[in-house]
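# Descriptive analysis of the structure
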Amino acid sequence: MINILKSDLYRAVRSKGFYIALVFVLIVSVFSAAIMQPGIIFSAGLQQSDIYECLDIPESELAKFSISETRDYLIHNDRYFLERDYFSQSMNIYYMFIIMTVIVIASDFSNGSVKNTLSSAISRRKYYISKVGLTVILCMLLMLLNAVSIHLCMRIFNNGANILSFAELMKIYVLQLPVVLALASVLSGLAFVFRKTAALNGVSIPLIFCFQLILEIFKVLLKFDEAYLDYELSSIYYYMAHDPSSSYIIKSCLICGALILVFNFIGYRSFRKAEIR
Amino acid sequence: MREIVLQTKRLTKKYKNFVALNSADMTVYRKDIYGLIGRNGAGKTTLMKMVTGLAQKTEGDFEVFGKNSNEYVSEKKRVGCLIENPAFFPNLTAYQNLRYYAYQKGITDLKQIDDALDSVKLTDVRNRKFRKFSLGMKQRLGIAFAMLDNPDLIILDEPINGLDPIGISELRDTFRRLNEERGITLVISSHILSELYAVANRFLFIDKGIVLKEVTKAELDFECSRCIVVKTNDTKRGATMLEELLGINDFKVIDEKEIRIYAPNIKSVDVNRALVNGGLDISEIFESGVSLEDYFKQLVGEGKS
């Protein structure tokens, strides 16, 4: 299993997509620190930015500010922590996870090179575990890079104004990990079901939109209790960055755990006896 | 007794109502170069896919190095494969692609990669990306991959597809060298009988998912050689008469209605006269001798009936 992890890592660092994902994360953190707001391209989910909860002025006033005026205002606002807002808003890093899944799993199927591995090197079980494992590891590393880069950018661009301590930073990182693991598992499971890059992209890219749309429809049509929306993945991701209660952490972890189990079960079951073409 | 490397027993693959392979039996011995011959869609790739674990069997079983399909995973390292078209990562070079698989197989001696590339004459283009390879080069890289880690059994599906005549000739030499010098057993599929005939020592003819015949090269030569075919209702008496009246021992009773005489310098007219004079009813007598292609056509024809 270690061998296949090593081999895939060897291949991953030679693919353009890997560096595109890294550079994208760095650009967004630099951009966010520079304007003192979460890079809008990373915003997703049902929750809105913390900025509006920390305002001493009417929201309409802030809208009149230029970018540099907004930046100055937020730097000197003791209640606003960009890093926390950035973490809670960066759900769109999911799209970088898709890149990692494509590199590790889908490209192997699309190129047909999976045949070489399964016919003469390792069993399907080991193959599955190794591939999912590496996808999860790469997603976790991408998240870590996201955390470290925004922290460093805050120090570089904003002289460490309103900065979180490294311990607080890591606490948020660890609390958000279940969501990361769940997303990586969902993507891995889908990759083993669809087994081609184009099909995986076609399903995984609109997945979050569709999921949120369905929840919104439920909310509107069925008078769905809004409290349940707090357990939607992007909401969990948001609240985990805002000192959640123990019970919320436990419930969220259970939901993420269920997603990990369900999608890995679906993925492995679909792959276990599938004919490899 | 020769060691059996690969054996299938009533191996069957069905896709809903379509039977891709029907109860196939084959036996590959150590140091064989085993040719799998059949037209496109005959079931060759399906058979290879099942044996290499890329497709699930519907019925029957197979053994590789004495291990059945459930225990076979532990022996996978002893098998090198190239199934269907050679598939590698287009953004990696030939060397990087093999390095990737070397990591997977736990190969620490990187010289093996160079040796594999050298044996298929790809050393000069080792740093060229796979996507820039010609079809022939891709095939050769696939064979280099199959040879990586010095397997005991190499399974190659249509390895000569896309190769030019010189490439085919070089590949043939490579197969012989691997077989003779390293003692590697090879299972090679092709729809080009003449190419397989030039290198293999045993053959399996397959058509429409049905195994038609498993023969050695000597048997194939024997069956394709010039002969006199005698059709009669009493082959037992015919055989006795051939020995006693004409002193011929070089013949074969094919079935209860056919005898084939392979003895040289004997004319069908003389055989006919002697047997008729001896009181044997002969329904047909003619001279035969078929090319490999004709032989295969005959087999396929038999398969139809």
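All values reported here derive from a predicted model rather than from experimental measurement.

Each value, and the rule that gives it
Residues numbered from 1 in each chain as written. Chains lettered and ligands numbered in written order. Predicted model: local features only at pLDDT ≥ 70, side-chain atom pairs only at ≥ 80, totals over all residues. Heavy atoms only, no water. Axes fitted to C-alpha atoms, helices over the stretch in contact; angles between N-to-C directions. Helix = DSSP H or I, 4+ residues; strand = E, 2+ residues; numbered from the N terminus. Parallel < 35°, antiparallel > 145°, perpendicular 65-115°, else oblique. Contact = heavy atoms within 4.5 Å. Domains from an automatic or database assignment. Core = buried A, V, L, I, M, F, W, Y, C linked by side-chain atoms within 4.5 Å. Buried < 20%, exposed > 50% of the residue type's maximum accessible area, 1.4 Å probe, protein only. Phe/Tyr/Trp six-rings, centres within 6.5 Å; stacked < 30°, edge-to-face > 60°. Lys NZ or Arg CZ within 6 Å of the ring centre and 35° of its normal. Pairing = 2+ DSSP bridges. Buried area = accessible area lost by both parts, 1.4 Å probe. Salt bridge = Lys/Arg side-chain N within 4 Å of Asp/Glu carboxyl O. Polar contact = N/O pair within 3.5 Å; in protein donor to acceptor, adjacent residues only side chain to side chain. Disulfide = S-S within 2.5 Å. Patch = residues over 30% accessible without salt bridge, like charges linked within 9 Å, V, L, I, M, F, W, Y side chains within 5 Å. Areas by Shrake-Rupley, 256 points an atom, 1.4 Å probe, with all protein chains shown as cover. Left-handed = near helix turned anticlockwise from the far one by under 90°. Nonpolar A, V, L, I, M, F, W, Y, C, P; charged D, E, K, R; others polar.

Attention now goes to the packing of helix H1 (residues 2–12) of chain A against helix H2 (residues 94–105) of chain B. Between H1(A) and H2(B), whose axes approach to 6 Å, the crossing angle comes to 160 degrees. The angle between H1(A) and H2(B) places the two elements in the roughly antiparallel class. Contacts between H1(A) and H2(B) involve A:Asn3, A:Ile4, A:Lys6, A:Ser7, A:Asp8, A:Tyr10 and A:Arg11 from the former and B:Gln96, B:Arg99, B:Tyr100, B:Tyr103, B:Gln104 and B:Lys105 from the latter.

Let us look at the domain arrangement of chain B. For an interface, size is often stated in terms of accessible area lost upon the parts coming together. The domain boundaries assigned to chain B delineate domain 1 (4–220) and domain 2 (226–288). Each of domain 1 of chain B and domain 2 of chain B was reduced to a C-alpha centroid, and the two centroids are 43 Å apart.

Turning to the nonpolar core, a few remarks are in order. Core analysis: the largest hydrophobic core is formed by 82 residues, its most contacted members being A:Phe97, A:Tyr127, B:Val64 and B:Ile155. Among the elements that line this core, the one with the most residues is helix H9 (residues 166–194) of chain A, at 13 residues. With sequence-adjacent residues up to four places away left out, B:Val64 is seen in contact with B:Val5, B:Leu6, B:Val51, B:Tyr72, B:Glu75, B:Val79 and B:Leu153. Ranked by size, the runner-up nonpolar core spans 56 residues in total, among them B:Ile33, B:Leu156, B:Cys224 and B:Val290.

Take the packing of aromatic side chains next. Here the structure, examined in full by the defined rule, presents 26 aromatic pairs over all chains. Directly above the ring of B:Phe130 sits B:Lys138, whose terminal nitrogen or CZ lies 5.3 Å from the centroid.

One non-glycine residue, A:Arg195, adopts positive backbone phi at about 60 degrees. Among the secondary structure elements, A:Arg195 is positioned in the loop between H9 and helix H10 (197–204). Despite not being glycine, B:Lys208 has its phi angle at roughly 50 degrees, a positive value. With respect to the helices and strands, B:Lys208 occurs in the loop between strand S9 (202–207) and strand S10 (210–216).

Right, let's talk about the environment of B:Gly301 for a bit. Here B:Gly301 shows up in helix H10 (residues 292–304). Judged by its relative accessible area of 34%, B:Gly301 falls in the partly exposed class.

What follows is about the pairing of strand S12 (residues 251–255) of chain B. Where S12(B) meets strand S13 (residues 258–261) of chain B, 4 bridges bridge the pair, whose relative direction is antiparallel. Of the residues in S13(B), the one forming a bridge with B:Lys252 is B:Arg260.

Facing the 31 residues of chain A at the interface are 33 residues of chain B. Summing the contributions of chain A and of chain B, the shared interface buries around 2,700 Å²; its carbon and sulfur component is 53%. Counting the contacts that link chain A with chain B gives 1 salt bridge. A salt bridge links A:Lys115 to B:Glu84; the shortest N-O distance between them is 3.6 Å. Joining chain A to chain B, the criterion identifies 12 residue pairs in polar contact (both at pLDDT 80 or more). The dominant element in the side of chain A that touches chain B, judged by the number of residues it contributes, is H1(A), at 7 residues.

What follows deals with the state of the cysteines. For the structure on display, the rule yields 0 disulfides over all chains. The thiol of A:Cys139 is unpaired, and the distance to the nearest cysteine sulfur, on A:Cys256, comes to 14 Å.

Our focus in this paragraph is a nonpolar patch on the surface. Together, A:Leu213, A:Ile214, A:Ile217, A:Phe218, A:Val220, A:Leu221 and A:Leu222 make up a nonpolar patch on the protein surface, roughly 680 Å² of accessible area in all. Relative to the helices and strands, A:Leu221 resides in helix H11 (residues 207–221).

It is worth spelling out the packing of helix H6 (residues 94–111) of chain A against helix H8 (residues 124–158) of chain A at this point. Residues and elements named next belong to chain A. Close contact between H6 and H8 brings their axes to 9 Å; oriented N to C, the two are set at 155 degrees. One way to sum up the angle between H6 and H8 is to call them roughly antiparallel. You can see that H6 and H8 cross each other, and the crossing is right-handed. Contacts between H6 and H8 involve Met 96, Phe 97, Met 100, Thr 101, Val 104, Ile 105, Asp 108 and Phe 109 from the former and Tyr 127, Lys 131, Leu 134, Thr 135, Leu 138, Cys 139, Leu 142 and Met 143 from the latter. Residue composition of the contact of H6 with H8, grouped by class: 12 nonpolar, 2 polar and 2 charged.

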